[in-house]
Amino acid sequence: MNIRQFMVSAVILFSTATAAFTQSAEKKAEDERIKPRPNIIFILADDHRWDAFGCMNHPFIDTPNLDALAEGGILFSNSFCTTSLCSPSRASFLTGEYPHIHGVTTNHTIWDEEQNTSFLEILHDNGYETAFIGKWHMPGEGVPEVDGIDRFITFTAQGGQGVYENCPLIIDGAEEERPGKYITEDLTDFALEFIEKERSQPFCLYLSHKAAHFGFLPPKHLRGTFDDTDLQLPQEADPLLTITRDNLFVGAPAPLPFLYQRYCETILSLDEQVGRIIESLKESGMDENTLVIYAGDNGHYFGEHGLYDKRSAYEESIRIPFFAWGPGIIDNPGRRVDDMLLNIDLAPTLLDLVGLPVPENMQGVSVLPILQDRPMTTRSAWLYEHFPVYPIPIPGITAVRTDRYIYITYQNNKKRPEIFDLLEDPGQYHNLYGTPEGDELLPMLRSELERVKAETGYIDTF
Amino acid sequence: MQRVTKEIINRSLIPSSAAVIGTVLFTLIYNRSVAVGNPFWNDVAVWSGLIGMILCSFISPLIIYIFGFFKGAGFGERIIASLTAPVLKSFMILSSFFGIFSVGEVLLLLIHHCILAPVVFAFLEIGLASIVCHSVKKKRSGDAAARILFRRESVFLLIGIALFTIFFWRLGHFYYFWFLDLYIKLFG
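All figures in this text were calculated on a predicted structure; none of them were measured in a lab. (Residues numbered from 1 in each chain as written. Chains lettered and ligands numbered in written order. Predicted model: local features only at pLDDT ≥ 70, side-chain atom pairs only at ≥ 80, totals over all residues.)

Visitor: Is there a simple way to think about the overall build of chain B in this case?
Guide: Per the secondary structure count, chain B includes seven helices and zero strands. Starting at the N terminus and ending at the C terminus, chain B contains elements arranged as α-α-α-α-α-α-α. With respect to the three principal axes, the spread of C-alpha positions in chain B is 55 × 45 × 35 Å. A buried classification covers 33% of the 188 residues belonging to chain B. Within chain B, contacts between residues separated by at least 24 positions form 69% of all contacts whose residues are at least 6 apart in sequence. (Helix = DSSP H or I, 4+ residues; strand = E, 2+ residues; numbered from the N terminus. Buried ≥ 20, exposed ≤ 12 C-beta atoms within 10 Å, placed from the backbone. Contact = placed C-beta atoms within 7 Å.)

Here is the structure:
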């Protein structure tokens, strides 16, 4: 081969390679263009603690299906709610806003449909078929008129909390008795019906379970699963703390071990029902183009700090589970991400995922880069807020949670402020406020609290 | 006069004061038990606090009423002595709301079942104690015609039963939701 022949061959080879590369890039772009927009399934559990999973090393709760979500997707190990209470947290998931912005500050304040826009409404307006199935639990007369939801199945029993068995449902406006039905399974049946429906457009399903909220009633086949189990309640927990101290106003007239056992058994049912959804997605092949997110609205105390229920700003109350799973959507699955994620991040993330602009009023950040294994950091500190709920003697709270510390302040100084070093003292047993170490930290934490208040438009109201 | 005063002190003031002091002390011990790290001492604090609280705040009316009855205390004296600790306990529970809610909202709590629970239990106990006392008295006297139910004491029993039923029917859910509705009507 002479030089001329070599040059011609090289040019031909280069041209062929370039063409092939260009075609490949074009094909990829074309594939991306014609790839249908992803389906979204958001599963919200009620009061499901962040650590009540097998994959979180819980001593006896076995959650193989939920573990598979976390292990086959992304487990956000530092996820939090901005207010640890059902209605405010639910409204924050829907709007991407803090309670002091969306207005649902307590379980008594009404969802203002004119003021608030949910991510479901935005998705609906952009071609998604949407469904809300399960616990709405924001006050108001009957079932609210909510824009942008094609299928709306909910309940109003017990002030919107629902009941575990025979819970009447309001199905697209018509009330229907559900004799013999266990609620987690019943809601999942409706969810599967919606998922498996033939359609041409993408869908977004918001499946909002009553479980594992108080009432703690597992289905019959799971009752007694932990009868012989050492529940390993915290040292400071005593059996009667559900009716003592201020727990009297949030507690339940039953001993703590009984309640905790039932709670854990109820969680097993959540796991079973999530398993049905994942199985359906896999069978239909929809798993390749569906993002599933599993989260809890807030945490729950079972004796830690002598407390029961939630609301205050300790870790057991403010931490939530948050797993994202989607084999065709999440890059490099099987990761644990330590960045601090908030409930208000859900809405912007979902809009970002489907290529829609995130409205300016949304205060969360999109964690889509994390799903796509691209570098990002979410935040270094954030505001926790709690508004007094009548008739419960827990004062208003504002706190700043950094990646290492939490600084908690109380309405009218009803309680002494608290500073905890969560790295050295994860159980939050040693309040550093008023100690030399605390005095050193205080200016920085005060300044951070004021910063996050200002950034989120928080105005002191109590 | 001095003898009467001394009798009142012995049969009513000392028992009710003991119940009051016990209520405060054992509530403090129980509430502070969370901070006791040593498992043994934590158990001691929890259980002594709990048992002491139950005895002083909830069981004391029964004991004080019966004690006063057989030591010659009058009806009014027995009632006051029996109710002091439960009323204090109710006030202690109520006080945790101060500074969080408005005066009106706190006043409404005076009909909250959890606030009133110690007093309701005390009413029941006073009613039952009076039956016990009159039964014993009847047995001792051998008077078959002696009554064991008296109107003024039965009123406590009836009020106690009525309030207990209203407050705790369906584990308190019924009254709780009624109370919440009332709150929303009054305070929006």
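Structure shown, so let's carry the discussion forward.
Visitor: Explanation requested: the overall build of chain A in the structure shown.
Guide: Helix and strand counts for chain A come out as eleven helices and 16 strands. Taken against the 2.2 N^0.38 rule, which gives 23 Å for 462 residues, the C-alpha radius of gyration of chain A at 24 Å falls within 12% of a compact globule. Expressed along its principal axes, the backbone C-alpha trace of chain A runs to roughly 95 × 60 × 50 Å. Expressed as a percentage of its 462 residues, the buried residues of chain A come to 49%. (Rg over C-alpha atoms; globule rule 2.2 N^0.38 Å.)

Visitor: Could you clarify how one ought to interpret the nonpolar core in this entry?
Guide: Side chains of nonpolar character tend, in soluble globular proteins, to be buried together. Within the largest apolar cluster, 124 residues are counted, with the highest numbers of intra-cluster contacts made by Ile43, Leu205, Ile293 and Phe323 of chain A. A total of eleven residues in this core trace back to one element, the largest contributor, which is helix H7 (residues 256-284) of chain A. If sequence neighbours within four positions are ignored, Leu205 of chain A has contacts with Ile41, Ala131, Ile133, Ala191, Phe194 and Ile195 of chain A. Among the nonpolar cores identified, the runner-up in size contains 43 residues, and Cys86 of chain A together with Ile64, Phe101 and Phe156 of chain B belong to it. (Core = buried A, V, L, I, M, F, W, Y, C linked by C-beta atoms within 7 Å.)

Visitor: Just to check I follow, could you spell out helix H11 (residues 436-455) of chain A for this structure?
Guide: Residues spaced three or four apart along an α-helix face the same direction, because each turn holds 3.6 residues. All names here are of chain A. Between its first and last C-alpha, H11 extends 29 Å over 20 residues, near the 28 Å set by a 1.5 Å rise per residue. The complete set of buried residues in H11 reads Gly438, Leu445, Leu449 and Val452. If you follow the buried residues of H11, they end up packed against strand S13 (381-386), strand S14 (397-402), strand S15 (405-410) and strand S16 (418-421). Once H11 ends, the next one or two residues include Gly457, with phi positive near 70 degrees. (Expected span 1.5 Å × (residues − 1).)

Visitor: Which parts of the structure should I look at to understand the sheet that holds S13 of chain A?
Guide: Sheets are built from strands that pair by backbone hydrogen bonding, the pairs being arranged parallel or antiparallel. All names here are of chain A. With antiparallel pairing, the four strands of this open sheet are ordered in space as S13-S14-S15-S16. Looking at strand neighbours, the two that pair on one side only are S13 and S16, the edges of this open sheet. When strand polarity is set aside, the average angle formed by the axes of neighbouring strands in this sheet is 15 degrees. In the sheet, S13 pairs with S14 via six bridges, with the strands oriented antiparallel. (Pairing = 2+ DSSP bridges. Axes fitted to C-alpha atoms, helices over the stretch in contact; angles between N-to-C directions.)

Visitor: Please clarify how the environment of Phe123 of chain B should be interpreted in this entry.
Guide: By secondary structure assignment, the location of Phe123 of chain B is in helix H5 (residues 113-141). Phe123 of chain B gets classed as buried once you count the C-beta atoms within 10 Å, which come to 26.

Visitor: Which parts of the structure should I look at to understand the interface of chain B and chain A?
Guide: By a widespread convention, an interface's size corresponds to the accessible area lost as its parts come together. Opposite the 21 residues of chain B that make contact, chain A presents 22 residues. Looking at the side of chain B that touches chain A, the elements with two or more residues in it are helix H1 (2-32), helix H2 (39-70) and helix H7 (173-187) of chain B. Among the elements that make up the side of chain B that touches chain A, the one with the highest residue count is H2 of chain B (four residues).

Visitor: I would appreciate a short explanation of helix H2 (residues 64-71) of chain A in the present structure.
Guide: All names here are of chain A. All of the buried residues in H2 are Leu66, Leu69 and Ala70. Along H2, the residues classed as buried sweep out an arc of 95 degrees about the axis, all on the same side. If you follow the buried residues of H2, they end up packed against strand S2 (74-80), H7, strand S8 (290-296) and strand S11 (322-325). (Arc of directions from axis to C-beta.)

Visitor: Is there a simple way to explain the sheet that holds S11 of chain A in this structure?
Guide: Residue and element names in this part refer to chain A. The sheet built from ten strands is open, its strands ordered S6-S5-S4-S3-S7-S1-S8-S11-S2-S12 with mixed pairing. Unpaired on one side and paired on the other, strand S6 (174-176) and strand S12 (335-342) mark the two borders of the sheet. Averaged over all neighbouring strand pairs, the angle between strand axes comes to 15 degrees, with direction disregarded. Of the strand pairs in this sheet, S2 and S12 are connected by six bridges, and their pairing is parallel. Residue pairing for S12: Ser79 is matched across the bridge by Leu341. Along the sheet, helix H6 (residues 183-196) contacts strand S3 (129-134), strand S4 (151-154) and strand S7 (203-208); its crossing angle with S3, the most-contacted strand, is approximately 170 degrees.

Visitor: Would you explain the environment of Lys139 of chain B in this entry?
Guide: As for its position among the elements, Lys139 of chain B is in helix H5. Accessibility expressed as a C-beta count within 10 Å gives 11 for Lys139 of chain B, which makes it exposed.

Visitor: Help me out: how do you make sense of the confidence of the model for chain B in this one?
Guide: Taken over all residues, the pLDDT of chain B has a mean of 93, while the share at 70 or more is 99%. Scored by ipTM, the complex comes to 0.87, with pTM at 0.90. (pLDDT = per-residue confidence, 0-100.)

Visitor: Honestly, the pairing of S11 of chain A in this entry has me stumped. Any pointers?
Guide: Each regular strand displays side chains that alternate between the two surfaces of the sheet. Residue and element names in this part refer to chain A. Side chains of S11 alternate between two faces, with Phe322 and Ala324 and Phe323 and Trp325 buried alike. Judged from the two bridges that link them, S2 and S11 form a sheet pairing that is antiparallel. Note on S11: the bridge partner recorded for Leu75 is Phe323. When S8 meets S11, the two strands line up antiparallel, connected through four bridges.

Visitor: Would you take a moment to explain unusual backbone geometry for this structure?
Guide: Across residues other than glycine, the phi torsion is negative in most instances, and most of the peptide bonds are trans. Residue and element names in this part refer to chain A. Look at the link from Ala211 to Ala212: it is a cis peptide, with omega at 5 degrees. By the element assignment, Ala212 lies in the loop between S7 and H7. Although it is not a glycine, Gln232 sits at a positive phi angle of roughly 50 degrees. Mapped onto the fold, Gln232 is located in the loop between S7 and H7. The backbone phi angle of Gln428 is positive, close to 55 degrees, even though this residue is not glycine.

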